[in-house]
Each structure stands twice: as structure tokens, then as C-alpha cells.
Amino acid sequence: MAAEISGRTGSAGAASMPPAAAPVAHGQPGAESGQPRGGPGKPAPERQPSRPPLQSEDELEAVKRYVLLGIAVRILDHDIRVVDSSRLKLPRFYESMLRGLQDRALLELAALRRMFRTAGIKVYEERKEPEGLTAAYVCRGYHHHFTMPWSFVRAEAERLLKRYAARD
């Protein structure tokens, strides 16, 4: 790559740079001509290194909440099936309570999906692993992932459902 740069610009200075430090021009004016970007007689503006737009703390928390809500909905699905097959005195009452919690979780999941669409976030993988739940997602074109230990997932899902139940 350094040889290509020195061949195009005719300067030997770029050839001595290690390949990782050689500047890469992607359609920037003046980058291939060897002239400073400020033009002849003008000083070149200082180049700021381009940094990827980092995800905000709120976006990370929203993705974690989205994953936890998905787990909570699956827990409620399981519990509704258990209540249906059990010999409780008031099975319809318990089932309606669980379905109410599930509806609230599903509404919040839908709101998070809408927010993700506008923010450019997509959760594309959730894996159950021995150490915990791992999620992979894209935020504005950059891939991220995190793992939540099962003890944390269980405690947070329970806390979430308790908060929904307390709103009654």
C-alpha cells in the first residue's frame, strides 16, 4: 500500500511509513494529488481522526431491556401453560393476571422496536450459553454484543415483572 501511495504521489516520504499508518484516501479531494487539502499557498487543515459514532448509554440500556423483556414474555408464556394445566381453584383469574403482565411487556417491546428503527438499531442474535444470555446487535452500522449472567437475567426479569404487577 505504501508503494502504491509513493507511486501515485511521487513522494518518497509516504513509502517510509508503515502500512498501518499510511493515510487512506476514499474520494477526498486533493488526497491523490499530493497537495495539501487547503490548496496551494494555504495551510492544510488539521485532520481529526474519524471516530465511530459510539452508542449512547441509553441505547445500550434499551437493548438490554429489549432482551430482558423477550425473556420475561417467554417466562410468562410458560407460566400461562402451567396454570392452564394445573388444578388451581381460580385458573382463569391467574391466567388473566399473567396475560395482563404479558400484554404490558409486549407493548413495551413494540415501543422499543419503533425506537430501534428510528435509531438504526437491530438485535440480530440472542444465544443461550452456559454462562449467560449473549445478544449481538448493530447500532448505526457498528456491531456490538454483550453477555448477561443467568443470575442477573433471572433477577432483572423478576424485577421487571414485579414493576408491571405493581402498576395495577
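Provided above is the structure to which this section pertains.
What you are looking at is a predicted structure, and each value in this text was computed from that prediction instead of being measured.

Caption draft 1: How the structure looks around the packing of helix H3 (residues 91-119) against helix H4 (residues 150-166). Contact geometry of H3 with H4 gives a least axis separation of 10 Å together with a crossing angle of 110 degrees. What the angle tells us is that H3 and H4 run roughly perpendicular. Residues Leu101, Arg104, Ala105 and Glu108 of H3 touch H4, and the partners they reach there are Leu161, Tyr164 and Ala165. Of the residues belonging to the contact of H3 with H4, the class tally is five nonpolar, no polar and two charged.

Caption draft 2: Structural detail: the nonpolar core. By size, the foremost hydrophobic cluster in this structure holds 32 residues, and its most contacted members are Tyr137 and Phe146. Ranked by residues supplied to this core, first place goes to helix H2 (residues 57-85) with 13 residues.

Caption draft 3: Expanded view of the environment of Tyr124. When you line up the elements, Tyr124 lands in strand S1 (residues 121-129). The sequence separation of Tyr124 and His143 amounts to 19 residues, and the corresponding C-alpha distance is 9.9 Å. In this structure, Tyr124 is in contact with Ala136, Tyr137, Val138 and His143, ignoring residues within four places of it in sequence. Reaching out from Tyr124, the side chain makes a polar contact with the side chain of His143 at a distance of 3.0 Å.

Caption draft 4: Up close: the pattern of salt bridges. Applying the stated criterion to the full structure yields eight salt bridges. When the shortest N-O distance is used, the salt bridge between Arg74 and Glu126 registers 3.6 Å. You can see Arg74 sitting in helix H2 and its partner Glu126 sitting in strand S1, a full 52 residues away along the chain. Looking at Glu126, the relative accessible area reads 34%, which means it is partly exposed. Ionic pairing is found between Arg159 and Glu156, a salt bridge with its closest N-O pair at 2.6 Å. Taken together, the positions of Arg159 and Glu156, both in helix H4 and three residues apart, correspond to about one turn of that helix. Overall, the relative accessible area of 34% leaves Arg159 in the partly exposed class. Its relative accessible area of 18% is what places Glu156 among the buried residues. One network of salt bridges, with partners in common, ties together Glu125, Arg127 and Glu129.

Caption draft 5: Representation of unusual backbone geometry within the structure. Here Arg140, not a glycine, exhibits a phi torsion of approximately 50 degrees, which is positive. Inspection of the secondary structure puts Arg140 in the loop between strand S2 (132-139) and strand S3 (142-149). Classification of Arg140 by relative accessible area gives partly exposed; the value is 34%.

Criteria and cut-off values
- Residues numbered from 1 in each chain as written.
- Predicted model: local features only at pLDDT ≥ 70, side-chain atom pairs only at ≥ 80, totals over all residues.
- Heavy atoms only, no water.
- Axes fitted to C-alpha atoms, helices over the stretch in contact; angles between N-to-C directions.
- Helix = DSSP H or I, 4+ residues; strand = E, 2+ residues; numbered from the N terminus.
- Parallel < 35°, antiparallel > 145°, perpendicular 65-115°, else oblique.
- Contact = heavy atoms within 4.5 Å.
- Nonpolar A, V, L, I, M, F, W, Y, C, P; charged D, E, K, R; others polar.
- Core = buried A, V, L, I, M, F, W, Y, C linked by side-chain atoms within 4.5 Å.
- Buried < 20%, exposed > 50% of the residue type's maximum accessible area, 1.4 Å probe, protein only.
- Polar contact = N/O pair within 3.5 Å; in protein donor to acceptor, adjacent residues only side chain to side chain.
- Salt bridge = Lys/Arg side-chain N within 4 Å of Asp/Glu carboxyl O.

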